[in-house]
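The residues making up each chain are set out below.
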Amino acid sequence: MSKTVLILLGAPGAGKGTQAARLAQALGLPHISTGDLFRANLAGGTSLGDRARSFMDQGELVPDELVLEMLFDRVAQEDCQSGYLLDGFPRTIAQAEALEARLEGLVPMVIDIQVPDSDIEQRIVGRRMCKECGAIFHLTFNAPAQEGVCNACSGALYQRKDDTAEVVRTRLEEYHQKTAPLIAFYSERGGVSAVDGRQQPDLVFEACVASIQGSGHGSSHGVNS
Ligand code: AP5
Ligand code: MG
Ligand code: ZN
């Protein structure tokens, strides 16, 4: 079976995590979010978590060497043999080049979820996440049935420490300066599928599936929308 590596690009709050959870299920691939991996390290009190903490709290990118070691450890695991879905990685040209070297000629499929900056603060400040299963909610756009309680597992919902109007400004600056150049990087290689992230989540999902099927990657993984 051919290997599929799918990269979701997009600004903070564009909906990468929301779509990645659904796409990973539809494609039967593991969902790998470097943000989630760092948050697990923070919660677990590891030294990696300690080193990443101040960058994350301030909305700055964590230095490439910390990210790369963690990510490459993760994708070396057995469940990534036939591919994986990357959410929040790569975030810099150096990370993209390191991934390219590791993929040894395999060209990733890249989807860019586009949402204007003017929509981002509301998305970020209203987000609530489940402590237990990581499900993503929004107080207005995707409210849980019961306040503070996860629909999927009844776990408690919390607000990320970096989800404030102040920190989101730095996160957006970091995105435009360091991550947005990846659109040109991948356009010069296998191409980038742009998806309008302002639509309802179901429509964003359908657009992602259509671009995966159009690329020929969906068939080898029996994409199931
Ligand atoms: P990370 O966790 O990756 O955060 P991010 O990129 O800022 O993205 P978010 O998780 O905030 O947004 P999302 O696009 O996943 O949106 P979501 O689906 O949740 O990274 C956090 C930090 O870790 C970084 O700042 C950095 O410090 C560090 N880090 C991580 N990876 C790194 C790397 N590779 N290199 C260096 N540092 C790294 O949706 C957002 C909200 O909108 C939710 O409430 C959701 O319900 C709602 N929503 C989603 N879709 C829609 C829709 N279509 N319409 C309306 N609302 C919607
Ligand atoms: Mg996310
Ligand atoms: Zn849950």
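Here is a short report on the structure shown in this document. Please read all numbers here as calculations on a predicted model, not as lab measurements.

1. Section: the site of ligand 1
Of all residues adjacent to ligand 1, which total 35 residues, the nearest are Thr18, Thr34, Glu60, Arg127 and Arg171. The separation between a nitrogen atom of ligand 1 and a polar side-chain atom of Gln95 is 2.9 Å. One nitrogen or oxygen atom from the side chain of Arg123 is found 3.4 Å from a nitrogen atom belonging to ligand 1. Contact with the protein chains covers 96% of the free accessible surface of ligand 1, which is 1000 Å². Among the secondary structure elements, those contributing two or more residues to the shell around ligand 1 are helix H1 (16–27), helix H2 (34–44), helix H6 (117–125), strand E6 (136–138) and helix H9 (201–215). Taken together, the residues of the shell around ligand 1 break down into 14 nonpolar, 12 polar and nine charged.

2. Notes on the coordination of the zinc ion (ligand 3)
Geometry reference: four tetrahedral donors at a metal, ideal angle 109.5 degrees. Six octahedral donors, ideal angles 90 or 180 degrees. The protein atoms donating to the zinc ion (ligand 3) are Cys130 (SG), Cys133 (SG), Cys150 (SG) and Cys153 (SG), with metal-donor distances spanning 2.3 to 2.4 Å. Taken together, the four donor atoms surrounding the zinc ion (ligand 3) define angles of 98 to 116 degrees at the centre, an arrangement classified as tetrahedral. Mapped onto the polypeptide sequence, the residues donating to the zinc ion (ligand 3) form the spacing pattern C-x2-C-x16-C-x2-C. Here the residue Cys133 occupies a position in the loop between strand E5 (127–130) and E6, and Cys150 occupies one in the loop between E6 and strand E7 (157–158), the gap between them amounting to 17 residues.

3. Re unusual backbone geometry
With omega at -10 degrees, the peptide bond leading from Phe89 into Pro90 counts as cis. Structurally, the position occupied by Pro90 is in the loop between strand E3 (83–87) and helix H5 (93–103). Its identity as a non-glycine residue notwithstanding, Ser154 has a phi of 65 degrees, on the positive side.

4. Here we look at the packing of H6 against helix H7 (residues 165–179)
Running from N to C, H6 and H7 point in directions that differ by 135 degrees, and their axes come no closer than 10 Å. The orientation of H6 relative to H7 falls into the category oblique. Viewed along their axes, H6 and H7 form a crossing whose handedness is right-handed. Seen from H6, the contacting residues are Asp117, Ile120, Glu121, Ile124 and Val125; seen from H7, they are Ala165, Val168, Arg171, Leu172 and His176. The residue makeup of the contact of H6 with H7, split by class, is six nonpolar, one polar and three charged.

5. Structural notes on the sheet that holds E6
Spatial ordering of the open sheet is given by E6-E5-E7, a layout of three strands whose pairing is antiparallel. Where the open sheet ends on each side, the last strands, each with one partner, are E6 and E7. Both E5 and E6 contribute to a ladder of three bridges, which runs antiparallel. Directly across from Arg127, in E6, lies its bridge partner His138.

6. Overview of the nonpolar core
A general feature of soluble globular proteins is that nonpolar side chains tend to end up buried together. The biggest cluster of nonpolar side chains holds 28 residues, and the ones touching the most others in it are Phe38, Tyr84, Leu86, Leu99 and Tyr186. Elements with a contribution of two residues or more to this core: strand E1 (4–10), H2, helix H3 (47–58), helix H4 (64–75), E3, H5 and helix H8 (181–187). A total of seven residues in this core trace back to one element, the largest contributor, which is H4. In contact with Phe38, not counting residues within four places along its chain, are Leu48, Ala52, Met56, Val62, Leu66, Val67 and Met70. Residues Ala14, Leu29, Met109 and Leu172 belong to the second largest nonpolar core, which totals 26 residues.

7. Some words on the pairing of E5
Connecting the antiparallel pair E5 and E6 is a turn made up of five residues, with Gly134 showing a positive phi of about 80 degrees. Bridge analysis of E5 against E7 gives two bridges, and the strand direction is antiparallel. Considered in E7, the bridge of Met129 is made with Tyr158.

8. Concerning the packing of aromatic side chains
According to the stated counting rule, one finds one aromatic pair in the structure shown. When the ring of Phe185 is compared with that of Tyr186, the centres are 4.9 Å apart and the planes differ by 85 degrees; the resulting orientation is edge-to-face. On the accessibility criterion, Phe185 (7% relative accessible area) is buried. Geometry around Phe205 places Arg22 over its ring, the cationic atom sitting 4.3 Å from the centre. Its end group placed over the ring of Phe185, Arg189 keeps NZ or CZ at 3.6 Å from the ring centre.

About the thresholds
- Residues numbered from 1 in each chain as written.
- Chains lettered and ligands numbered in written order.
- Predicted model: local features only at pLDDT ≥ 70, side-chain atom pairs only at ≥ 80, totals over all residues.
- Heavy atoms only, no water.
- Near = heavy atom within 4 Å.
- Polar contact = N/O pair within 3.5 Å; in protein donor to acceptor, adjacent residues only side chain to side chain.
- Areas by Shrake-Rupley, 256 points an atom, 1.4 Å probe, with all protein chains shown as cover.
- Helix = DSSP H or I, 4+ residues; strand = E, 2+ residues; numbered from the N terminus.
- Nonpolar A, V, L, I, M, F, W, Y, C, P; charged D, E, K, R; others polar.
- Donors = N, O, S within 2.8 Å, 3.2 Å for Na, K, Ca; no water.
- Tetrahedral: all angles 85-135°; square planar, octahedral: opposite > 155°, others 65-115°.
- Axes fitted to C-alpha atoms, helices over the stretch in contact; angles between N-to-C directions.
- Parallel < 35°, antiparallel > 145°, perpendicular 65-115°, else oblique.
- Left-handed = near helix turned anticlockwise from the far one by under 90°.
- Contact = heavy atoms within 4.5 Å.
- Pairing = 2+ DSSP bridges.
- Core = buried A, V, L, I, M, F, W, Y, C linked by side-chain atoms within 4.5 Å.
- Buried < 20%, exposed > 50% of the residue type's maximum accessible area, 1.4 Å probe, protein only.
- Phe/Tyr/Trp six-rings, centres within 6.5 Å; stacked < 30°, edge-to-face > 60°.
- Lys NZ or Arg CZ within 6 Å of the ring centre and 35° of its normal.

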